[in-house]
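Examination of the molecular architecture
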Amino acid sequence: MKKMNGIFGRTAKWLLGVVALMVLLVAAASRGQEQSSKRGMVTPLASANLVFDGEPACLKVARENGDPDKGASTFLLEAPSGCMVPAHYHTAEEQLMVVRGDVLTGMDGMAEAKLGPGGFAMMPSKAMHWFTCKSKNTCLMFVTFDRTYDIVWAKQVK
């Protein structure tokens, strides 16, 4: 009987050690998830940091959410009347939502369409597309990308 208690005691200590290790691992994983979880955010339009960001020169952008170098992202775009974003594509799927103005948008294989406030377009991965602000005033749009951002122009942008 004494021998059984010894074996049982060692087994119980071993099981207790395994359980304690599992508890520590679960706690560490939970802390890691808490640290990497997204926090809510609110950006009033007046606070959007719209800046010129390269090509085309007429377009202002503000990153609203995400990291375009690492994954999905959302941008606010502001285009003055007549601003044209020439034909291009992205590896990511792009979704465009018009907030203000009239935006003429086109995509290979589809007729061009004028989108007003609330208008929506989805450009699949690598689908050539373009748009122009056709309003008398500035156009405002949101675009989202479902993965890392890149852009490939059909022709050299002027």
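To start, this report covers the structure provided alongside it. Owing to the predicted nature of the structure, the values given are computational and were not obtained by experimental measurement.

A separate point is the layout of surface pockets. Each pocket or cavity is described by its volume, and for the largest pocket that value is around 370 Å³. Lining the largest pocket we find 18 residues, and of these E55, L59, V61, L77 and Y149 sit closest to its centre. Of all the elements in the fold, those that place two or more residues in the lining of the largest pocket are β3 (73–79), β4 (84–89) and β10 (139–145). Partitioned by chemical class, the residues of the lining of the largest pocket number 13 nonpolar, two polar and three charged.

Our next topic: the sheet that holds strand β2 (residues 60–66). Ordered in space as β1-β2-β3-β10-β5-β8, the six strands form an open sheet in which the pairing is antiparallel. Where the open sheet ends on each side, the last strands, each with one partner, are β1 (51–52) and β8 (120–123). Across six bridges, the pairing between strand β5 (residues 94–100) and β10 is antiparallel. Across the sheet, E94 pairs through a bridge with F145, a residue of β10.

Take the sheet that holds strand β6 (residues 103–107) next. In space, the five strands of this open sheet follow the order β7-β6-β9-β4-β11, with antiparallel pairing throughout. A single partner strand is all that each edge strand has here, and the edge strands are β7 (110–115) and β11 (152–153). Where β4 meets β11, two bridges bridge the pair, whose relative direction is antiparallel. From the neighbouring strand, Y89 faces β11, where its bridge partner is V152.

Time to look at the pattern of salt bridges. Here the structure, examined in full by the defined rule, presents two salt bridges. For R100, the salt bridge identified is with E78, shortest N-O distance 4.0 Å. A residue pair is termed long-range when its members are at least 10 positions apart, and R100 in strand β5 and E78 in strand β3 qualify at 22 residues. Judged by relative accessible area, which is 35%, R100 ranks as partly exposed. D146 is paired through a salt bridge with R147; the nearest N and O atoms lie 3.1 Å apart. We classify D146 as partly exposed; its relative accessible area is 38%. Take R147: its relative accessible area is 36%, and that puts it in the partly exposed class.

Definitions and limits used
- Note that residues are indexed from 1 along each chain, following the sequence as it is written.
- At least 70 in pLDDT is required for a residue's local features to be given in this predicted model, at least 80 for side-chain atom pairs to be given and counted, and no such filter applies to totals for whole chains, interfaces and linings, which use all residues.
- Excluding hydrogens and water, the side-chain values take into account all heavy atoms of the structure.
- Method remark: on a 1 Å grid restricted to protein atoms, a set of points is classed as a cavity if a 1.4 Å probe fits but cannot get out and as a pocket if it is open with protein on both sides within 12 Å along at least five of seven lines; lining residues have an atom within 4 Å of a point.
- Grid points are joined across faces, edges and corners, and a volume is the space filled by probe spheres set on the points.
- The way it works is that DSSP assigns letters per residue, a run of H or I at least four long becomes a helix, a run of E at least two long becomes a strand, and they are numbered from the N terminus.
- Residue classes follow a fixed rule: Ala, Val, Leu, Ile, Met, Phe, Trp, Tyr, Cys and Pro count as nonpolar, while Asp, Glu, Lys and Arg count as charged, and any other residue, Gly among them, counts as polar.
- We call two strands paired when DSSP finds no fewer than two bridges between them.
- Only one rule defines a salt bridge in this text: a Lys or Arg side-chain nitrogen within 4 Å of an Asp or Glu carboxyl oxygen.
- In this scheme, a residue with accessible area under 20% of its type's maximum is buried, one over 50% is exposed, and one in between is partly exposed, where area comes from a 1.4 Å probe on protein chains only.

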